[in-house]
Amino acid sequence: MPESRNKNNGQRLFSVKDLPSSISIDKAYMDDEGNVCVLFKPEDHLSVFTQHWLRSNCYELNNHFDDRSEKQKTLWQKNSFENGLPIIDYDSMSKDDTKLKALCSLRDIGFFVLTGVPTVEGQVLKVISAMGYTRETNYGALFEVRTEINPNNLAYTNLGLGSHTDNPYRDPVPTVQLLHCLESSTEGGDSILVDGFKAASILRDENEENFLTLTSSWINYRFSDSKTDLRSRVLMIELNDNHEIIKVRYNNRSIDTINVPKDKVRLFYKAYRHWSEVIERDELKIQFKLSEGDLMLFDNTRVMHARTKFSKTGKRHLQGAYTDLDGLYSLLNTLENKKND
Ligand code: NM2
Ligand code: OGA
Ligand code: ZN
């Protein structure tokens, strides 16, 4: 371990300002093991790189790490699932291999469905704690999705809900959502998922100007009830430094007064209307009905969810909760590291 890092945890011990501003390479050579050694002056500091590391970090290759980018994902639409949805048996989640498979599905496709999850109240929190940490919000550590009298949110009615991401009025947004079905005996109440990255990429293909508008117009979202007033000013489609899609936020129930420069208002509505029309296309939607013991988990920065309206007869009860991608990806990475060791 080089002296510039802590021997135990590998964390860097110096700050950039500790480097001499006149730093330059004195010599570079290959050692007996094929490592590239670089001697820096004026400090005579020796850095040793493997060839593999240097290659994979080469600036020109532009293959920087970004596990949120569209480039790292498999975009999908309805007909991508002719061989079935990513469904995993809950019992097998105690095995590392199955956990890894589920987490890869979350990273690459944006969701997975567990079957056979015990229909016990609070189980959704146990599912989270086996993989990461609960993200508690004003809705609680977990929330009951069922019909209520005088609900503070339309989710708690029997109305259909259009495709949306949850909590765009919160910044940062909860990046993963789970919905666990405890009871399902109503007519209707089907679940719908749409790949928001796919929808945004279709918008880009069909009309670049509209795409540019939604990736550069900051808009306000808001949720308020008697105890809460959450507000955000964010983008509907967010890009990284390489112009790749990394995040979508879309929830028609919670858009606040649009506040964009006055010469941009028409352009904004043109783009917003176009995108909402893309999102509602049948060929983008997968539709299925959650049965008792099913749990769906999805990337709330990418995958939009919706539900069809349901009958007043029968019962429909889901328990929902949020967690975050950082913790889940951390587990994915450690499981992958273990496998490659
Ligand atoms: N609930 C289900 O983000 C939203 O307002 C959608 C969220 C109430 C926690 C519903
Ligand atoms: C939600 C939601 C969908 C459903 O709770 O955020 O969108 O199937 N619910 O009830
Ligand atoms: Zn929702």
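See above for the structure.
Here's what I pulled together on the structure shown here. In this text the structure is predicted, and so the values were computed from the model without any measurement. Residue numbers restart at each chain and count upward from 1, following the sequence in its written direction. Naming scheme: in the order in which they are written, chains are lettered from A and ligands are numbered from 1. The predicted nature of this model means local features are confined to residues of pLDDT at least 70 and side-chain atom pairs, given and counted, to a pLDDT of 80 or more, with totals for whole chains, interfaces and linings taken over all residues. To get the side-chain values, take all heavy atoms of the structure and skip hydrogens and water.

### Details of the overall build of the chain
Each helix and strand in the chain was counted, giving 7 helices and 17 strands. By its C-alpha atoms, the chain is 80 × 55 × 45 Å across when sized along the principal axes. The proportion of buried residues among the 341 residues of the chain is 47%. In this analysis, two residues are considered to be in contact whenever any of their non-hydrogen atoms come within 4.5 Å of each other. A fraction of 74% describes how many contacts in the chain between residues 6 or more apart in sequence connect residues 24 or more apart. Segments assigned H or I by DSSP are reported as helices when at least four residues long, segments assigned E as strands when at least two residues long, and all are numbered from the N terminus. Each residue gets one of three labels from its accessible area relative to the maximum for its type: buried under 20%, exposed over 50%, partly exposed in between, using a 1.4 Å probe on protein chains only.

### Focus: the sheet that holds strand β15 (residues 295-299)
A pair of strands is treated as paired once DSSP finds two or more bridges between them. Strand order in the open sheet formed by 6 strands is β4-β5-β15-β8-β17-β6, and the pairing between neighbours is mixed. Of all strands in the sheet, those bounded by a partner on one side alone are β4 (87-89) and β6 (142-145). Strand-to-strand twist in this sheet, taken as the mean axis angle between neighbours without regard to direction, amounts to 25 degrees. As judged from the 4 bridges shared by β6 and strand β17 (residues 316-323), these two strands associate in the antiparallel manner. The residue of β17 that forms the bridge with F143 is G320. Only the contacting stretch of a helix is used when fitting its axis, a line to C-alpha atoms as for every element, and angles between N-to-C directions run 0 to 180 degrees.

### Comments concerning the packing of helix α2 (residues 96-108) against helix α7 (residues 325-340)
For the pair α2 and α7, the least separation of the axes is 9 Å and the interaxial angle reads 130 degrees. Relative to α7, α2 is oriented oblique. Regarding α2 and α7, the two cross each other, and that crossing is left-handed. For the pair α2 and α7, the contacting residues are D96, D97, K99, L100, L103, C104, L106 and R107 in the first and L325, L328, Y329, L331, L332, L335, E336, K338 and K339 in the second. Just so you know the grouping, Ala, Val, Leu, Ile, Met, Phe, Trp, Tyr, Cys and Pro go in nonpolar, Asp, Glu, Lys and Arg go in charged, and all remaining residues, Gly too, go in polar. Taken together, the residues of the contact of α2 with α7 sort by class into 10 nonpolar, no polar and 7 charged. Just so you know how the angles are binned, under 35 degrees is roughly parallel, over 145 roughly antiparallel, 65 to 115 roughly perpendicular, and the rest oblique. For any pair of crossing helices, the crossing counts as left-handed if the nearer helix is rotated counterclockwise from the farther one by less than a right angle, and right-handed if it is rotated clockwise.

### With respect to the site of ligand 1
Taken together, the residues surrounding ligand 1 are Y139, F143, N153, A155, Y156, D166, N167, Y169, N251, R253 and Y322. With respect to ligand 1, the side chain of N153 contributes an N or O atom lying 3.0 Å from an oxygen atom. Each polar contact in these results corresponds to two N or O atoms within 3.5 Å; when the atoms are within protein, one needs to be able to donate a hydrogen and the other to accept it, and residues that are neighboring in sequence are counted only if both atoms are side-chain atoms. One of the backbone N or O atoms of N167 is found 2.6 Å from an oxygen atom in ligand 1. When the free accessible area of ligand 1 is taken as 310 Å², the share hidden by the protein chains comes to 97%. A 1.4 Å probe that fits but cannot get out identifies a cavity on a 1 Å grid over protein atoms alone, an open set with protein on both sides within 12 Å along at least five of seven lines counts as a pocket, and a residue lines either if it has an atom within 4 Å of a point. Any molecule with more than half of its atoms within 2 Å of a cavity's or pocket's grid points is counted as sitting in it. A majority-of-atoms criterion places ligand 1 in the second largest pocket. Class assignment of the residues belonging to the shell around ligand 1 gives a composition of 6 nonpolar, 3 polar and 2 charged. A molecule or strand has a residue near it when one of that residue's heavy atoms lies within 4 Å. All accessibility values rest on the Shrake-Rupley procedure with a 1.4 Å probe; residue burial counts only the protein chains present in the view.

### A closer look at the site of ligand 2
Lining the immediate surroundings of ligand 2 are V145, L161, H164, D166, Q177, H305, R307, R316 and L318. Note that an oxygen atom of ligand 2 is positioned 3.1 Å from one of the side-chain N or O atoms of H164. Contact distances for ligand 2 include 3.2 Å between an oxygen atom and a side-chain N or O atom of Q177. Burial of ligand 2 by the protein amounts to 97% of the accessible area it has alone, namely 290 Å².

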